[in-house]
Amino acid sequence: MSKANNPLNDPKNRAPETQLVHGGVHRSGFNETSEAIFMTSGYSYPSSQHAEDLFLNKLPGAHNYSRFANPTVDVFQERMALLEGAEAGRAFATGMAAVTNAVMSQVRAGDHIVAARALFGGCRYVVEDFMPRFGVSSTLVDGRDPKNFEAAMRPNTKVVFIETPANPTLELVDVAAVARIAHAGGAKLIVDNVFATALYQHPLKLGADLVTYSATKHIDGQGRSLGGIVLGSKDLITGDIHTLLRQTGPSISPFNAWIMLKGLETMALRVNQMTASAAKIADYLADHPKIARVAYPHHRSHPQYELGKRQMSQGSSLIAIEVKGGRAEAFKLSDALAVILISNNLGDAKSLITHPATTTHARFTEEVRLESGVTQGLLRLSVGLENADDLIADLDYALDQL
Ligand SMILES: *Cc1c(COP(=O)(O)O)cnc(C)c1O
């Protein structure tokens, strides 16, 4: 009858909403309810022998320097690992630091990467431009058909990198099918899961080896700070990922990790609400005569609707919109909005709209943009926490101006 026998003592027996509030908490001697911010770079030791033992890894869980060990960052990592169903995680200063670390930790000169070409701009830069400077070649494929990954695999392929749904087109990649192809070729599958969030898609269960997040997006979710995280097996995280983080230092500030913890407490509430509104807005837009096409993974018009239903439990808080009349009409629509803000961030409490062709994808040629689905009429809408009917009224007014 004692609390000790309560099955809910095991955090794994708790639902995601409960894990997001309590996961990973290690209280200090003051027994604070809200997680403490350990704003410290280093730690002092009771003796020289203690310091030596610590540096010889004889004191597991002890902290020696906040570049790679900090109690507030630990809570964030543990809470995310719990939610993801991962054995471990390591937090980073930004989502791009997390992606770059995940990829670089698995390759060396002479290796090869296969990636879907529909990627967030920074991720595409890392695999297409940055890694080749160090002798790691890459092949970008149309991610919609798993066979394209199979055809691009080489004996030296060590990493397959995908993002699904992809930014900004919301194209999908079949995670389970690509995991089988990667593993058959001896490569690791890394999935950038920002759009679906840990609530709606579980890449590790589908066979991925590492999952990355820009915590800047839904995890903070209130537009305050940058952050990132990589999650996976204990072996990969405490080995390759931890070593590169420790030795190269793209570390998150304890303060920003604390902001992420506060974000996580409300993440399920926020993302569920934003997603319910997004589904409603996608229905509205799909029937509008001035819209050529919407891409929303759980809308019947999505060309990969079946896959979306299979690997995502919800359609996400993002919608891609193809406006009839190209760039001029897309600009006109964005410029007539009163509530939805023009901004390239996403996953925020505030609804944000962006024209990828002239912002996030401006550095590419028109040809490259078109092969990744970034047309001049494309807008990406990140649905926020405002009243859904207000958002529809805002879009309706702006569409009337076209
Ligand atoms: C924003 C984003 C990133 C990069 O994250 P930052 O925190 O901005 O560095 C990576 N991948 C995807 C899909 C993103 O949306």
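Please read these numbers as outputs of a predicted model, since none were measured by experiment.

**Re the domain arrangement of the protein chain**
Part 1 of the reasoning: Taken domain by domain, the protein chain comprises domain 1 (11-263) and domain 2 (268-400).
Part 2 of the reasoning: Domain 1 and domain 2 are separated by 27 Å when their C-alpha centres are compared.
Part 3 of the reasoning: For the pair domain 1 and domain 2, the two sides together bury roughly 3100 Å², of which 57% comes from carbon and sulfur.
Part 4 of the reasoning: Linking domain 1 to domain 2 there are 2 salt bridges.

**Re the site of the ligand**
Part 1 of the reasoning: Taken together, 14 residues surround the ligand, and among them Gly95, Asp192, Ser214, Thr216 and Lys217 come closest.
Part 2 of the reasoning: Contact between the ligand and serine 214: an oxygen atom at 2.8 Å from a side-chain N or O atom of the residue.
Part 3 of the reasoning: Taking threonine 216, its side chain carries an N or O atom lying 2.6 Å from an oxygen atom of the ligand.
Part 4 of the reasoning: Its free accessible area being 380 Å², the ligand has 92% of it covered by the protein chains.
Part 5 of the reasoning: Its residues placed into classes, the shell around the ligand shows 5 nonpolar, 6 polar and 3 charged.

**Remarks on the sheet that holds strand E1 (residues 88-92)**
Part 1 of the reasoning: With respect to topology, 7 strands assemble into an open sheet ordered E1-E7-E6-E5-E4-E2-E3, the strand pairing being mixed. Each of the sheet's edge strands pairs with one partner strand only, and the pair in question is E1 and strand E3 (137-141). Neighbour to neighbour, the strand axes of the sheet diverge by 20 degrees on average, direction disregarded.
Part 2 of the reasoning: With 5 bridges connecting them, strand E6 (residues 210-214) and strand E7 (residues 228-232) associate as antiparallel partners.

**Considerations on the nonpolar core**
Part 1 of the reasoning: Ranked by internal contacts, the top residues of the largest apolar core, which has 27 residues, are Phe76, Met80, Leu199, Tyr213, Ile219 and Met267.
Part 2 of the reasoning: Listing elements by their share of this core, those giving two or more residues are helix H3 (71-84), helix H8 (197-200), E6, E7, helix H10 (254-265) and helix H11 (267-286).
Part 3 of the reasoning: Here methionine 267 is in contact with Leu20, Leu83, Leu199, His218, Ile219 and Asn272, once residues within four sequence places are set aside.
Part 4 of the reasoning: One finds Ala97, Val107, Val126 and Val127 within the second-largest nonpolar core, a separate group that totals 26 residues.

**What about the packing of aromatic side chains?**
Part 1 of the reasoning: Evaluation of the coordinates by the stated rule reveals 3 aromatic pairs.
Part 2 of the reasoning: Their ring planes at 70 degrees and their centres at 5.1 Å tell us that phenylalanine 130 and phenylalanine 134 sit as a pair that is edge-to-face.
Part 3 of the reasoning: Taking NZ or CZ as reference, arginine 124 lies 5.0 Å from the ring centre of phenylalanine 364, over its face.
Part 4 of the reasoning: Arginine 246 extends its terminal NZ or CZ atom over the ring of phenylalanine 68, reaching a point 4.0 Å from the ring centre.

**Side note on the sheet that holds strand E11 (residues 352-354)**
Part 1 of the reasoning: Across the sheet, which stays open at both edges, the 5 strands sit in the order E8-E9-E12-E11-E10 with mixed pairing between neighbours. A single partner strand is all that each edge strand has here, and the edge strands are strand E8 (291-295) and strand E10 (341-342).
Part 2 of the reasoning: The sheet contact formed by E10 and E11 spans 2 bridges and is parallel. By the bridge assignment, isoleucine 342 is partnered in E11 with isoleucine 353.
Part 3 of the reasoning: In the packing of helix H13 (residues 326-335) onto the sheet, the strands contacted are strand E9 (318-323), E10, E11 and strand E12 (378-382), and the crossing angle to E9 comes to about 130 degrees.

**Points about the packing of H3 against H10**
Part 1 of the reasoning: Axis separation between H3 and H10 bottoms out at 8 Å; the angle between their running directions is 35 degrees. Relative to H10, the crossing made by H3 is left-handed. Between H3 and H10, the contacting residues are Thr72, Val73, Val75, Phe76, Arg79 and Met80 on the first element and Pro254, Ala257, Trp258, Met260, Leu261, Leu264 and Glu265 on the second.
Part 2 of the reasoning: Its residues assigned to classes, the contact of H3 with H10 comprises 10 nonpolar, 1 polar and 2 charged.

**Details of helix H15 (residues 388-400)**
Part 1 of the reasoning: Over its 13 residues, H15 runs 18 Å from end to end, which matches the ideal 18 Å to within 8%, given 1.5 Å per residue.
Part 2 of the reasoning: Among all positions in H15, only Ala388, Leu391, Ile392, Asp394, Leu395, Ala398 and Leu399 are buried. Along the axis of H15, the buried positions cluster into a sector of 155 degrees, meaning they face one direction only.
Part 3 of the reasoning: Against H11, E8, H13 and E12 lie the buried residues of H15.
Part 4 of the reasoning: Of the residues that open H15, the one with a side-chain oxygen 2.8 Å from the backbone nitrogen of aspartate 389 is asparagine 387.

**Brief notes about H13**
Part 1 of the reasoning: Listed in full, the buried residues belonging to H13 are Glu329, Ala330, Leu333 and Ser334. Looking straight down H13, one finds that the buried residues subtend no more than 135 degrees of arc, so they occupy a single side. Exposed and facing more than 90 degrees away from the buried side of H13 are Ala328 and Asp335.

**Focus on the side chain of lysine 262**
Part 1 of the reasoning: You can see lysine 262 is positioned in helix H10.
Part 2 of the reasoning: A relative accessible area of 18% means that lysine 262 is categorised as buried.
Part 3 of the reasoning: A polar contact is formed between the side chain of lysine 262 and the side chain of glutamate 265, at a distance of 3.0 Å.
Part 4 of the reasoning: Apart from the residues within four sequence positions on either side, lysine 262 is in contact with Ser34 and Glu35.

Cut-offs applied
- Residues numbered from 1 in each chain as written.
- Predicted model: local features only at pLDDT ≥ 70, side-chain atom pairs only at ≥ 80, totals over all residues.
- Heavy atoms only, no water.
- Domains from an automatic or database assignment.
- Buried area = accessible area lost by both parts, 1.4 Å probe.
- Salt bridge = Lys/Arg side-chain N within 4 Å of Asp/Glu carboxyl O.
- Near = heavy atom within 4 Å.
- Polar contact = N/O pair within 3.5 Å; in protein donor to acceptor, adjacent residues only side chain to side chain.
- Areas by Shrake-Rupley, 256 points an atom, 1.4 Å probe, with all protein chains shown as cover.
- Nonpolar A, V, L, I, M, F, W, Y, C, P; charged D, E, K, R; others polar.
- Pairing = 2+ DSSP bridges.
- Helix = DSSP H or I, 4+ residues; strand = E, 2+ residues; numbered from the N terminus.
- Axes fitted to C-alpha atoms, helices over the stretch in contact; angles between N-to-C directions.
- Core = buried A, V, L, I, M, F, W, Y, C linked by side-chain atoms within 4.5 Å.
- Buried < 20%, exposed > 50% of the residue type's maximum accessible area, 1.4 Å probe, protein only.
- Contact = heavy atoms within 4.5 Å.
- Phe/Tyr/Trp six-rings, centres within 6.5 Å; stacked < 30°, edge-to-face > 60°.
- Lys NZ or Arg CZ within 6 Å of the ring centre and 35° of its normal.
- Left-handed = near helix turned anticlockwise from the far one by under 90°.
- Expected span 1.5 Å × (residues − 1).
- Arc of directions from axis to C-beta.

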